[in-house]
Amino acid sequence: MTVHFVGAGPGAADLITLRAARLLAAADTVLYPGTYLDAEVLSHCRPDAQLIDTARLDLDQIVVAMVDAPGEVVRLTSGDPSLYSALHEQTRRLDAAGVPWDVTPGVPAYAAAAARVGQELTVPLVAQSVVLTRTQARSTRMPDRERLQDFAATGATLVLHLAITRIRELMAQVEPHYGADCPAVVVYRASQPDETVLHGTVGGARPIADAVEDAGLRQAAVILIGPALAARESGGESYLYSPHRDRSRTAVDSKDRG
């Protein structure tokens, strides 16, 4: 018996990997996060598979369900297991129980959000870094060295998870670094039937916080902030594709590998 941690992607049933679909089709037991997952994803499961919604289970209850399950087990996580999935805590307990496990990546929510608005998050000469972070409310304490203001000071594209209920406070924290007119986008349940996309600015005349509060969003939303979101016309162009770049060495390298 192996526990397969599988990224379920942002929610849409057709935004999982081929490997994920194959593992779901073969699984005897599937644990899934009902709060964040479109139920259509479970259509990849066998009709006789045991389905367990983990929304109301604590960590130890989830691990017990995985360890006690017969046959192959899939533990679905929303988005990609590398971000905010409690993979560390669960696999540590599985190791202690002597249960083998592996990980299958999925489409992260921030990537689905960027795709939905048709936006590259790294634009030449504007922003070449993306900061993925969250904030602290009723959750685990953030390390002291990971302050939102310090991330904002870099000017990188900022992606906030698990932060939608505090958006007005958070925009006030980043405004001194990005400016009131810096674009901000919120994507709620990216790729799912009830998906909502809100456009605004950090402050200024179109505060994104107003749009979020008017829409009543309380969970399952990703916040994107940064000048790269408005750089479609003004951003630079990658030197990788420049007509002035010397490609002779690339051609030699390719021939050598041929």
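Preceding block: the structure.
Residues numbered from 1 in each chain as written. Predicted model: local features only at pLDDT ≥ 70, side-chain atom pairs only at ≥ 80, totals over all residues. Heavy atoms only, no water.

Draft legend 1. Main features of the packing of helix H2 (residues 59–68) against helix H3 (residues 87–97). Contact geometry for H2 and H3: axes closest at 10 Å, N-to-C directions at 45°. With respect to their mutual orientation, H2 and H3 come out oblique. Pair H2 / H3 crosses with right-handed handedness. Of the residues in H3, those in contact with Leu59, Asp60, Ile62, Val63, Met66 and Val67 of H2 are Glu89, Gln90, Arg93, Leu94 and Ala97. Across the contact of H2 with H3, the residue classes tally to seven nonpolar, one polar and three charged. (Axes fitted to C-alpha atoms, helices over the stretch in contact; angles between N-to-C directions. Helix = DSSP H or I, 4+ residues; strand = E, 2+ residues; numbered from the N terminus. Parallel < 35°, antiparallel > 145°, perpendicular 65-115°, else oblique. Left-handed = near helix turned anticlockwise from the far one by under 90°. Contact = heavy atoms within 4.5 Å. Nonpolar A, V, L, I, M, F, W, Y, C, P; charged D, E, K, R; others polar.)

Draft legend 2. Summary view of the pairing of strand S2 (residues 29–32). Every second residue of S2 is oriented toward a common face, with Thr29 and Leu31 on one face and Val30 and Tyr32 on the other, all of them buried. In this structure, S2 lies alongside strand S3 (residues 50–53), joined through four bridges in parallel fashion. Counted as the bridge partner of Leu31 is Ile52 from S3. Sheet topology places S2 next to strand S4 (residues 73–77); three bridges connect them, and they run parallel. Looking across to S4, one finds that Thr29 is bridged to Val73. (Buried < 20%, exposed > 50% of the residue type's maximum accessible area, 1.4 Å probe, protein only. Pairing = 2+ DSSP bridges.)

Draft legend 3. Representation of the sheet that holds strand S6 (residues 130–134) within the structure. In space, the five strands of this open sheet follow the order S6-S7-S10-S8-S9, with mixed pairing throughout. At either end of the open sheet lies a strand with only one pairing partner, and these are S6 and strand S9 (196–201). Each strand of the sheet is rotated relative to its neighbour by a mean of 20°, with strand direction disregarded. Contacting S6, strand S7 (157–161), strand S8 (183–188), S9 and strand S10 (221–225), helix H4 (residues 109–116) runs over the sheet at an angle of about 65° to S10.

Draft legend 4. Quick peek at the environment of Tyr36. Counting through the fold element by element, Tyr36 comes out in the loop between S2 and S3. Given a relative accessible area of 32%, Tyr36 falls into the partly exposed group. With 25 residues separating them along the chain, Tyr36 and Gly11 place their C-alpha atoms 7.2 Å apart. Those residues in contact with Tyr36, other than ones at most four positions away along the chain, are Pro10, Ser78, Arg189, Gln192 and Ala220.

Draft legend 5. Just the sheet that holds S4, in detail. Taken together, the five strands give an open sheet; going across it, the order is S3-S2-S4-S1-S5, and neighbouring strands pair in parallel fashion. Strand pairing shows two members of the sheet lacking a second neighbour, S3 and strand S5 (101–104), which therefore form its edges. For this sheet the average axis-to-axis angle between neighbouring strands, irrespective of direction, equals 20°. Against the sheet, helix H1 (residues 18–26) makes contact with strand S1 (3–7), S2, S4 and S5, and its axis sits at roughly 135° relative to S1, the strand it touches most.

Draft legend 6. Structural view of H2. Listing the buried residues of H2 in full gives Ile62, Val63, Ala65 and Met66. For H2, the angular spread of buried residues about the axis comes to 160°, placing them on one side. In the core, the buried residues of H2 are packed alongside S1, S2, S3, S4 and H3. You can read the cap of H2 off the contacts: a side-chain oxygen lies 3.2 Å from the backbone nitrogen of Asp60, and it is on Asp58. (Arc of directions from axis to C-beta. Polar contact = N/O pair within 3.5 Å; in protein donor to acceptor, adjacent residues only side chain to side chain.)

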